[in-house]
Amino acid sequence: MNLKKTDKKIYDLIKKEIKRQKEEISLIASENYVSVAVLEALGTPLTNKYSEGYPNKRYYAGNEVIDKIETLAIERAKKIFSAEHANVQPHSGSQANTAVYLALLKPGDTVLGIDLSSGGHLTHGSPVNISGKFYKFHNYGVNKNTEMLDYQEIEKTALAVRPKLIVCGTTAYPRSIDFKKFREIADKVGSYLMADIAHIAGLVVAGEHPHPFPHCDVVTSTTHKTLRGPRGGLILCKQTDRLDKENTNLAGKIDKAVFPGIQGGPLDHVVAAKAVSFLEASKPIFKKYIKQVVKNAKAMAKEFEKNGVRVVSGSTDNHIVLLDVSKYSESSKKTQNDLEEVGIIANRNTIPYETKSPFDPSGIRLGTPSITTRGFNEKDSVFLADLIIKIIKEPTAKNKREVKKEVAKLAKKHSIY
Ligand code: DSN
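What comes next concerns the included structure. All values derive from a computational prediction rather than experimental measurement.

### Topic: the side chain of serine 362
Inference 1: Its place among the elements puts serine 362 in the loop between β14 (347–349) and β15 (363–367).
Inference 2: Reaching out from serine 362, the side chain makes a polar contact with the side chain of glutamate 354 at a distance of 2.7 Å.
Inference 3: Aside from chain neighbours lying at most four places away, what touches serine 362 is Leu323, Asp324, Val325, Ser326, Ser332, Asn349, Ile351, Glu354 and Lys356.

Next comes the structure, spelled out in structure tokens:
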């Protein structure tokens, strides 16, 4: 009501966006719908406070309550991820990754990370990102035939380039990651191991993906995506630095790198919302939710393959289904737009050994976290996959009209908020 009075334009736009979210179906693998409890924590006067520093070590007065909130967030994060140390202040996953690099590396140091077309992220050494500009990144990719990580190849590359840090973790890789194998490789070359579990954090918490600890030194994540918290970042790590004999306080290095290294004051309203979502993720119902996320993705992958739409790597182990639409569509950008026209929101994506431009690559990335929050089961997911197949194969005006109607019905049946 106040917002409507003060700023009608923004009020109306927010209303419009809520309507869009309700009426369309999001298959963006990195999106989800937070609970009303998380939304409530976000929209609080906690946003008014400045709290540079860490609990009981703040630079400004008045942080008694904020200290308690951040401590709860830290303790809950440590518990759900079985981590020795947690930093809940990174504003995003990119900030979390950047802080880890600052903590562990010197400019010019060598790092090994997955390449973008095999499912990596900009912060894994892309030349346009600070990671690629400040550090010497080398890449590993997936095997051309299996489209899965090839640990022998990764080891060969690691032995050749001898990185100080190996980054594992991805944004568009539909299969499980073997952190133990990565640890063995890291040990052979004496490097740190960092897992970026932004996409699979919820699966890790729910036991639906192998755990990065005890294998990794540091684990970064976002708190939204499969974890279903507010937009934000998170760093988890061991207390002790195994490789630095002079300063073995790894947790201290990470904290210093976040603040004052790359950030000022934390966003306390977001930290509170993170705490709420960590509590939610500790409940049995969250495990059930994540199990369904994976079941839905597997069911969709099977339906696509059955109907001749190629699924990268043949299937999925997580929440992502990566389609190669090049057989049916000259332009995945057009397919993305066709899908948007009928109310299905997905993103075009590069596929392994991509031959096209990242602006109009061969793939479409789908993810099931959002539809599962809306209550989709395997049957609904297969029905949705069939609608997508129709649009990919024959995006005629008639098909679009028909699919749009079905999407509207599905969205109404599976309501949000
Ligand atoms: N934008 C996120 C994703 O879609 O995976 C990563 O930054």
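### Notes on the sheet that holds strand β6 (residues 136–140)
Inference 1: Overall, mixed pairing links the 7 strands, which are arranged β4-β10-β9-β8-β7-β5-β6 in an open sheet. In this open sheet, the two edge strands, each paired with only one partner strand, are β4 (85–87) and β6. Across this sheet, the average inter-strand angle for adjacent strands is 20°, counted without regard to direction.
Inference 2: As paired strands, strand β7 (residues 165–168) and strand β8 (residues 192–196) are joined by 4 bridges and run parallel to one another. Opposite valine 167, over in β8, you have methionine 194 as the bridge partner.
Inference 3: Against the sheet, helix α8 (residues 179–189) touches β6, β7 and β8, its axis set at about 165° to β7.

### Regarding the packing of aromatic side chains
Inference 1: Under the definition given, this model contains 8 aromatic pairs.
Inference 2: Between the aromatic rings of tyrosine 50 and tyrosine 60, the centroid separation amounts to 6.0 Å while the plane-to-plane angle is 75°, which identifies the pairing as edge-to-face. Within this pair, whereas tyrosine 50 is found in the loop between α3 (36–42) and β2 (53–54), its partner tyrosine 60 is found in the loop between β3 (57–58) and α4 (64–81), the two being separated by 10 residues in sequence.
Inference 3: Between tyrosine 101 and phenylalanine 137, the aromatic rings sit 5.7 Å apart at their centres with planes inclined by 70°, giving edge-to-face as the arrangement. Of the two residues, tyrosine 101 sits in helix α5 (residues 93–104) while phenylalanine 137 sits in strand β6, which places them 36 residues apart along the sequence.
Inference 4: Classification of tyrosine 101 by relative accessible area gives buried; the value is 2%.
Inference 5: Three or more aromatic residues joined by ring pairs form one cluster here, namely Tyr101, Phe134, Tyr135 and Phe137.
Inference 6: Over the ring of tyrosine 289 we find arginine 228, and its NZ or CZ is 3.9 Å from the ring centre.

### Considering a nonpolar patch on the surface
Inference 1: Taken together, the side chains of Leu3, Ile10, Leu13, Ile14 and Ile18 make up a nonpolar region of the molecular surface, amounting to roughly 410 Å² of accessible area.
Inference 2: The element best represented in the nonpolar patch is helix α2 (residues 8–23), accounting for 4 residues.
Inference 3: Relative to the elements of secondary structure, isoleucine 18 occurs in helix α2.

### Some words on the site of the ligand
Inference 1: Surveying the vicinity of the ligand reveals the residues Ser30, His121, Thr171, His199 and Arg365.
Inference 2: In this structure, histidine 199 approaches the ligand through a side-chain N or O atom, which is 2.7 Å from an oxygen atom.
Inference 3: For the ligand, whose unbound accessible area comes to 230 Å², protein coverage reaches 63%.
Inference 4: Of the residues contributing to the shell around the ligand, the split by class is no nonpolar, 4 polar and 1 charged.

### Side note on the packing of α4 against helix α11 (residues 268–281)
Inference 1: Their axes nearest at 9 Å, the elements α4 and α11 cross at an angle of 35°. The two elements α4 and α11 cross, and the hand of that crossing is left-handed. Contact residues: Ile66, Ile69, Glu70, Ala73, Arg76, Ala77 and Ile80 in α4; Asp268, Val271, Ala272, Ala275, Val276, Phe278, Leu279 and Ala281 in α11.
Inference 2: Within the contact of α4 with α11, the residues separate by chemical class into 12 nonpolar, no polar and 3 charged.

### Overview of the pairing of β7
Residues in a regular strand point their side chains to alternate faces of the sheet.
Inference 1: Neither face of β7 is exposed, since Leu165 and Val167 on one face and Ile166 and Cys168 on the opposite face are all buried.
Inference 2: Taken together, the 2 bridges between strand β5 (residues 110–114) and β7 define a ladder with parallel strand orientation. Pairing of leucine 112 across the sheet is with isoleucine 166, part of β7.
Inference 3: Handedness of the crossover joining β7 and β8 through α8: right-handed.

Calculation notes
- Residues numbered from 1 in each chain as written.
- Predicted model: local features only at pLDDT ≥ 70, side-chain atom pairs only at ≥ 80, totals over all residues.
- Heavy atoms only, no water.
- Helix = DSSP H or I, 4+ residues; strand = E, 2+ residues; numbered from the N terminus.
- Polar contact = N/O pair within 3.5 Å; in protein donor to acceptor, adjacent residues only side chain to side chain.
- Contact = heavy atoms within 4.5 Å.
- Pairing = 2+ DSSP bridges.
- Axes fitted to C-alpha atoms, helices over the stretch in contact; angles between N-to-C directions.
- Phe/Tyr/Trp six-rings, centres within 6.5 Å; stacked < 30°, edge-to-face > 60°.
- Buried < 20%, exposed > 50% of the residue type's maximum accessible area, 1.4 Å probe, protein only.
- Lys NZ or Arg CZ within 6 Å of the ring centre and 35° of its normal.
- Patch = residues over 30% accessible without salt bridge, like charges linked within 9 Å, V, L, I, M, F, W, Y side chains within 5 Å.
- Areas by Shrake-Rupley, 256 points an atom, 1.4 Å probe, with all protein chains shown as cover.
- Salt bridge = Lys/Arg side-chain N within 4 Å of Asp/Glu carboxyl O.
- Near = heavy atom within 4 Å.
- Nonpolar A, V, L, I, M, F, W, Y, C, P; charged D, E, K, R; others polar.
- Left-handed = near helix turned anticlockwise from the far one by under 90°.
- Right-handed = clockwise from strand over helix to strand, strands pointing away.

By themselves, these are just geometric observations and shouldn't be taken as functional.
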